[in-house]
There are 2 protein chains.
Amino acid sequence: MNHHARWIWLPGDFELWLGARVMSRRTERGQPNPPFWRLDRPAQIVVFEKRFTLADADTVTISAQGECFAMIDGQPTADRVLTLAAGAHHLFLRVYNPDTFPAVLARGRLIGSDRSWSASRQNHRSEPADSGDFAAPDERPDRFKLATAPQAAVSVSRAGQALTVDFGRETFGYLKLHQVSGSGSLRAVYGESAEEAAAGDEAETWDDFQFADAAGDFVSPHSRAFRFVRLTWNRPLTVDDVSMLREYLPVPRRGAFRCADDELNRIWDTAADTLQLSSRELFLDGIKRDRWAWSGDAYQSYLMNYYLFFDNALVKRTTWALRGGDPVEQHLNTILDYSFYWFIGIYDYYQHTADRDFLAQIYPKLLTLMEFCLARRNGSGMVEGRPDDWVFIDWAPMDKRGEISFEQILLCRSLETVALCARLLGDADRAGHYQRLADDLRALTLTVFWDEQQGALVHNRVNGALRRDVTKYANMFALSFGYLDARRAEAVKTNVLLNERAQKITTPYMRFYELEALCRVGQQRHVLGEIKNYWGGMLRLGATSFWETYDPTQAGAEHYAMYGRPFGKSLCHAWGASPLYLLGKYFLGVTPSAPGYARARIEPKLGGLAWLEGAVPTPNGDIKVRAADGEITVATAAAGPATLVIRGVRRPTCAPAAAIRAAADGDGYELDLPAGGKYTARY
Amino acid sequence: MNHHARWIWLPGDFELWLGARVMSRRTERGQPNPPFWRLDRPAQIVVFEKRFTLADADTVTISAQGECFAMIDGQPTADRVLTLAAGAHHLFLRVYNPDTFPAVLARGRLIGSDRSWSASRQNHRSEPADSGDFAAPDERPDRFKLATAPQAAVSVSRAGQALTVDFGRETFGYLKLHQVSGSGSLRAVYGESAEEAAAGDEAETWDDFQFADAAGDFVSPHSRAFRFVRLTWNRPLTVDDVSMLREYLPVPRRGAFRCADDELNRIWDTAADTLQLSSRELFLDGIKRDRWAWSGDAYQSYLMNYYLFFDNALVKRTTWALRGGDPVEQHLNTILDYSFYWFIGIYDYYQHTADRDFLAQIYPKLLTLMEFCLARRNGSGMVEGRPDDWVFIDWAPMDKRGEISFEQILLCRSLETVALCARLLGDADRAGHYQRLADDLRALTLTVFWDEQQGALVHNRVNGALRRDVTKYANMFALSFGYLDARRAEAVKTNVLLNERAQKITTPYMRFYELEALCRVGQQRHVLGEIKNYWGGMLRLGATSFWETYDPTQAGAEHYAMYGRPFGKSLCHAWGASPLYLLGKYFLGVTPSAPGYARARIEPKLGGLAWLEGAVPTPNGDIKVRAADGEITVATAAAGPATLVIRGVRRPTCAPAAAIRAAADGDGYELDLPAGGKYTARY
């Protein structure tokens, strides 16, 4: 078998299947709780086809995920091992799979299934097939599972017919009971906190297991998130010990960060643990409670991922699973803003990966979702929440009526994403069309919402009446997206971002954007302080992963309550991991200056630290940076050149030598560092 | 349990699930062969809800087909037996089912699941749930199966390691091998003809079974259509005897027909057998080969069904399964004409059943399919085959290019169907809109295609050039739909229908419409001769069911060939059963003169027979008719009055007495017969 054949499927099918399987695993207080939005299924029948010319005879073996109807050169055949003479051939495989999704593997010496095959759900359209790493006949893509590894408890305390187990830190996986003997029922109550595991029916998750003449080890069929477990059972049963099988996505951490401040290092490590725990089949919001993919949450995970794993497949899986099928009848996750984050995530994905193939695959889905969004604009050409829409923005009290400036800013960037894709894919008409819509909406938004007196974008307009309230949301996004000129950016910095009287943000979710915007206006020192206060605050409360919300003014078990339930809060929530992104992007200072890191831009900022160092993954290899006062060392990616930017007045030196020029904006210098080298600049 | 609770589901889901299961069972020469069109899946998550007020306390037990998240009065509960106090309640059940489709059964004394519940696929829309006969917790709708009954072979001949079995007539079901002993492989080759069963690899269907240390009876897991089976196996295996489990839809034959001509009686019986064999989970085209639902074929089955079973559920199941989901991307079965038959079938369904609930259920699907059809009109406002469309019309050589008059006539009737539904459902704007489109297209079609010289509609117009060829298709449909005035109808009768030089129709499929049109212009005597010649011809060749095509000029095994294969033809094809319809509608003469047989119209025609008698099912009970020269006896339906129409000049008498008046058109008399009586009219 010389051909690098892969199992292939219709683009999106694997992810729709996987997404539904993953998101429907949520249980809540003993009953299943699947998502409350439309969850689409993959195709049921797919035709896979390939025309090829063999230079030599070949034998092709076909494996199908489903029932397969095969034709070779127009002739039906029940054979699954095809002997083909040299010359031109046409292989046609129609696969029906009502249970999971259709896929095929065709393996020969010279020819095999791969992304050059076409796939069609038999709707008069075909497109290049998609594939993953599944290569062997028994590696069916619908048997995809995460890895597991045994993990021991840190402490087990026994009191009669009850055991309380502590695994030492937040973890995820399958409970294992050792040497269960006898018959009876056992309840395992899981807790992210000790209080939750002890809370009985007030906990969020538990399992009831029934045993009949058990004699041996038992592994739960359900994976759960927990640090603590409390087991209770009735008399005739005995249980010797408890451990777990940790379930995880085997993906290496390529990003790294260390600095002179040990608390920051622990924050980075805990953020990495948090993101790793919630990076699974998909980027999940939190691992205990809903375990659903949410577009706004996933968007942040993508950005953090570019500074930790650089796992493109995971970004793509989540993007497909979130999008679902057509016709579009509601916003992603039912949330207005979450449709927009989906677009913007694709914009960022392209900036980091230059993966044009993915843009081509997903492009039709961008168009239909955008048409849905545009059709719901009001008479002024703006979006507002319709009765069916959830206008989320953040878990904070605010006016969600009418035209909200924040939503227009997100739509604007979404339109730019569609225009970008259209341009890259040679669809010039649509590129122009969507770019014009973006430009018009950006201008309209600034005209309508910019309040010259307050020096900020106001929050909303209701029934034509502009309201005067200023919130941070639109202002920080407009700043980060570069929609504000220097004068307005400065006004926003002063009047909104650094304004102590502005409404405080209390979710790590929106703190992500707030701190990003502060970094963009050079407030690294301020941001470091905020990170230490906010995330350090959770660590000081014993957190081993970062939380869904954190309000420093709360105390004790108050921290665990949310949604009106005492343990409703997720204590391992992906959006809590944003220091990964902030430290990588704005302190190590590594960003792509051309799509896919064809060139990296490196502008380290110490933010008051004596030194910092770390690594940032790129498609071309990792970039390593060490910065201290007066000295920056960069190891460029094996295949990626970089521009090192050093602000300040003294002209730097570089060893080995590199081209050095004054920065275009006059502030400092730029050094051109070739790929695969290690350079030390002194200034 | 006093409440008549039923399992409920989202309308269409049961049928999408069932349709895919049924249509994917086709095998062809040893390999599966699923349909070549997009086959949609049911919803994956459905919310079922009901608000109700209990006069007394009740206990409601919930069963779910899938994983269920329940809330009572807004509170989640893992309980599946709910104790409810008297008063107002809101029961909310979200069901996830990735394997089949979501459904629930809620059973209490006072309240239970039924069609008054709402169902939503969580797309911001809800609609009344649908249900069937499934009532008990263990009668899950996804366990729906047809009935089986043992059937013995008529003859078994043994020759060494081979058995040839004849079941005497066409049948369908699961082969049963008695007392299989030993190990080895066995091949069963099925044949609708003896020649096919003996043809080895040239047969259309076979099964290979493997046995290891077998000792006992064996039933094949696959149902097949056959009259003959040839079994061959290798030495170590022994088989004692062969029988089968006939699989069938247990539905009574309510229609009946007998007359003075025994050949016609045998034709009616064989037609009834043919329709019964192909009336299964869905109305299938033929039971041997593709076993798919085809809209054009199903349309005829519906009409025959109204004269044999009057099984509304089966019409609805097939209608849903054919339609599939949204977005519409192709014509039904990929065939232009087949989209139109789907609409027209709903028109006829309403005429026979007055089932307004079904119209309301399916109405959104009419709108989206019609929008698809209309969007594909050309600049002249007519439909023509686009590159992706299959323009079928009939298995006969003809020009399928450009604007074909036949297709416009079908679209016209389809538009009338949508207008009718809109009117009945109170959607006045759309009713007017679609009626105008229908009127305009009808006028345009007659203007463009009517050839005054030939006195007929010509077949087509290609690139603006009207062609002069006349085919029967458009002419007979225009006549049957009442689109021709008396002058044109007479011209069509003479120049097309009774014109010996017109292209002959060689499929029972189009003979259906041809003979119907002839009946409509009073050619019953001619039609009887045609039925005896054509269907009688198949009987004289030994047919035990009617065929997909029949060409009297062929001989021997030529009759079995089709699609370039020696046994490609289906010998039990639903569209072969049209005498059921013709004899019931145009000889017994029973039709609904108001929707749902609120009033029946009965106009028996002897067509040269000395006498005929029979029964026609209606929603109000069966109507029985016996006609002989000068005397007609009618037993009206238990709950349905009828108008008996007797053409001719003498004023009839009636016993018991009935109101008699001259027919509105001056030709004969009309008798008003009340429901539930038996009347004899003499004239």
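Up top is the structure.
Residues numbered from 1 in each chain as written. Chains lettered and ligands numbered in written order. Predicted model: local features only at pLDDT ≥ 70, side-chain atom pairs only at ≥ 80, totals over all residues. Heavy atoms only, no water.

Caption draft 1: Main features of the pairing of strand 25 (residues 590–594) of chain B. All names here are of chain B. Relative to strand 26 (residues 599–602), strand 25 runs antiparallel, the two being bridged by four bridges. Following the sheet pairing, Thr591 is matched in strand 26 by Arg601. Taking the residues between adjacent antiparallel strands as the criterion, strand 25 and strand 26 are bridged by four residues, where Gly596 takes a positive phi near 70°. (Pairing = 2+ DSSP bridges. Helix = DSSP H or I, 4+ residues; strand = E, 2+ residues; numbered from the N terminus.)

Caption draft 2: How the structure looks around the packing of helix 7 (residues 356–375) of chain B against helix 8 (residues 405–424) of chain B. Residue and element names in this part refer to chain B. The N-to-C vectors of helix 7 and helix 8 enclose an angle of 140°; their axes lie 9 Å apart at closest approach. By the angle class used here, helix 7 and helix 8 are oblique. Viewed along their axes, helix 7 and helix 8 form a crossing whose handedness is left-handed. Residues Arg356, Leu359, Tyr363, Leu366, Leu367, Met370 and Leu374 of helix 7 form the contact with helix 8, whose participating residues are Leu411, Ser414, Leu415, Thr417, Val418, Cys421, Ala422 and Leu424. (Axes fitted to C-alpha atoms, helices over the stretch in contact; angles between N-to-C directions. Parallel < 35°, antiparallel > 145°, perpendicular 65-115°, else oblique. Left-handed = near helix turned anticlockwise from the far one by under 90°. Contact = heavy atoms within 4.5 Å.)

Caption draft 3: The arrangement of helix 13 (residues 524–540) of chain A in detail. All names here are of chain A. Here helix 13 spans 23 Å end to end across 17 residues, near enough to the 24 Å set by a 1.5 Å rise per residue. Within the sequence span of helix 13, burial applies to Gln524, Val527, Leu528, Ile531, Tyr534, Trp535, Gly536, Gly537, Met538 and Leu539. Of the surrounding elements, those touching the buried residues of helix 13 are helix 3 (262–278), helix 12 (508–520) and helix 14 (579–586). One or two positions beyond helix 13, positive phi appears at Gly542, with a value near 95°. (Expected span 1.5 Å × (residues − 1). Buried < 20%, exposed > 50% of the residue type's maximum accessible area, 1.4 Å probe, protein only.)

Caption draft 4: The arrangement of the interface of chain B and chain A in detail. Contacts between the two partners involve 48 residues from chain B and, on the opposite side, 48 residues from chain A. When chain B packs against chain A, close to 4000 Å² is buried across both sides, 46% of that on carbon and sulfur atoms. Here chain B and chain A share two salt bridges between them. Between Glu329 of chain A and Arg125 of chain B there is a salt bridge, and its shortest N-O distance comes to 2.6 Å. Where chain B packs against chain A, one counts 43 residue pairs in polar contact (both at pLDDT 80 or more). Among the elements that line the side of chain B that touches chain A, the one with the most residues is strand 6 (residues 67–72) of chain B, at four residues. When the residues that make up the side of chain B that touches chain A are grouped by side-chain class, the tally is 20 nonpolar, 13 polar and 15 charged. (Buried area = accessible area lost by both parts, 1.4 Å probe. Salt bridge = Lys/Arg side-chain N within 4 Å of Asp/Glu carboxyl O. Polar contact = N/O pair within 3.5 Å; in protein donor to acceptor, adjacent residues only side chain to side chain. Nonpolar A, V, L, I, M, F, W, Y, C, P; charged D, E, K, R; others polar.)

Caption draft 5: The sheet that holds strand 11 (residues 118–120) of chain A, seen in detail. Residue and element names in this part refer to chain A. With antiparallel pairing, six strands are arranged side by side in an open sheet as 7-6-9-4-11-12. For this open sheet the edge positions go to strand 7 (75–77) and strand 12 (127–128), each flanked by a neighbour on one side alone. Relative to strand 9 (residues 87–96), strand 6 (residues 67–72) runs antiparallel, the two sharing six bridges. Looking across to strand 9, one finds that Met71 is bridged to Phe92.

Caption draft 6: Quick peek at the sheet that holds strand 26 of chain B. All names here are of chain B. Spatial ordering of the open sheet is given by 25-26-30-33-32, a layout of five strands whose pairing is mixed. Whereas interior strands pair on both sides, the edge strands pair on one side only; in this sheet they are strand 25 and strand 32 (659–662). For this sheet, the mean angle separating the axes of adjacent strands, direction not counted, is 25°.

Caption draft 7: Quick look at the nonpolar core. Residues Tyr341, Phe406, Phe477 and Met510 of chain A are the most contacted members of the largest nonpolar core, which totals 177 residues. What Phe477 of chain A contacts, discounting residues up to four positions off in sequence, is Tyr341, Phe406, Ile409, Leu410, Met510 and Tyr513 of chain A. Counting 174 residues, the second-largest nonpolar core is a separate cluster that includes Phe257, Leu264, Cys519 and Leu528 of chain B. (Core = buried A, V, L, I, M, F, W, Y, C linked by side-chain atoms within 4.5 Å.)

Caption draft 8: Spatial organisation of helix 7 of chain B. Residue and element names in this part refer to chain B. For helix 7, which comprises 20 residues, the first-to-last C-alpha distance of 28 Å matches the rise-based estimate of 28 Å (1.5 Å per residue) to within 8%. Along helix 7, the helix axis deviates most sharply at Ile362, where the bend reaches about 50°; the proline Pro364 sits within four residues downstream. Burial in helix 7 covers these residues: Phe358, Leu359, Gln361, Ile362, Tyr363, Leu366, Leu367, Leu369, Met370, Phe372, Cys373 and Leu374. Here the buried face of helix 7 lies against strand 12 (127–128), strand 13 (130–131), helix 5 (312–323), helix 6 (336–353), helix 8 and helix 9 (428–449). (Bend = angle between axes of the 7 residues up to and from the residue.)

Caption draft 9: Region of interest: the relation of the copies chain B and chain A. Superposing chain B onto chain A takes a rotation of 180° combined with a translation of 0.0 Å along the rotation axis, leaving an RMSD of 0.1 Å. What the rotation and shift describe, once combined, is the action of a two-fold rotation axis. Taken together, the interface assignments show that 100% of the residues at the interface of chain B recur at the interface of chain A, consistent with an identical surface on both copies. (Least-squares fit on C-alpha atoms with pLDDT ≥ 70 in both.)

Caption draft 10: Seen up close, the pattern of salt bridges. Residue and element names in this part refer to chain A. A complete count under the given rule lists 110 salt bridges over all chains for this structure. When the shortest N-O distance is used, the salt bridge between Arg467 and Asp399 registers 3.7 Å. Of this pair, Arg467 sits in the loop between strand 24 (465–466) and helix 10 (472–480) while Asp399 sits in the loop between helix 7 (356–375) and strand 20 (403–404), placing them 68 residues apart in sequence. Accessibility expressed as a relative area gives 35% for Arg467, which makes it partly exposed.

Caption draft 11: Looking closely at the layout of surface pockets. Residues and elements named next belong to chain A. Of the volumes computed, that of the second largest pocket is approximately 1100 Å³. Lining the second largest pocket are 40 residues, with Glu516, Arg520, Lys585, Tyr586 and Thr591 positioned closest to its centre. Only helix 4 (295–305), helix 6 (336–353), helix 10, helix 12, helix 13, helix 14 and strand 25 (590–594) provide two or more residues apiece to the lining of the second largest pocket. Grouping the constituent residues of the lining of the second largest pocket by class yields 16 nonpolar, twelve polar and twelve charged. In this structure, the lining of the second largest pocket is formed jointly by two domains, domain 3 (336–391 + 397–501) and domain 4 (592–682), each of which donates at least three residues. (1 Å grid on protein atoms, 1.4 Å probe; cavity = no way out; pocket = protein on both sides within 12 Å on 5 of 7 lines; lining within 4 Å. Points joined across faces, edges and corners; volume = space filled by probe spheres on them. Domains from an automatic or database assignment.)

Caption draft 12: Representation of unusual backbone geometry within the structure. A cis geometry characterises the amide bond from Ala655 of chain A onward to Pro656 of chain A, with omega recorded as -10°. By the element assignment, Pro656 of chain A lies in the loop between strand 31 (653–655) and strand 32 (659–662). Cis geometry is adopted by the peptide bond preceding Pro327 of chain B, which originates at Asp326 of chain B and carries an omega value of 0°. Positive phi, normally seen in glycine, also occurs at Arg291 of chain B, with a value near 55°. One can find Arg291 of chain B in the loop between helix 3 (262–278) and helix 4 (295–305). In this structure, Tyr563 of chain B takes a positive phi of about 55° despite not being glycine. Tracing the chain through its elements places Tyr563 of chain B in the loop between helix 13 (524–540) and helix 14 (579–586).

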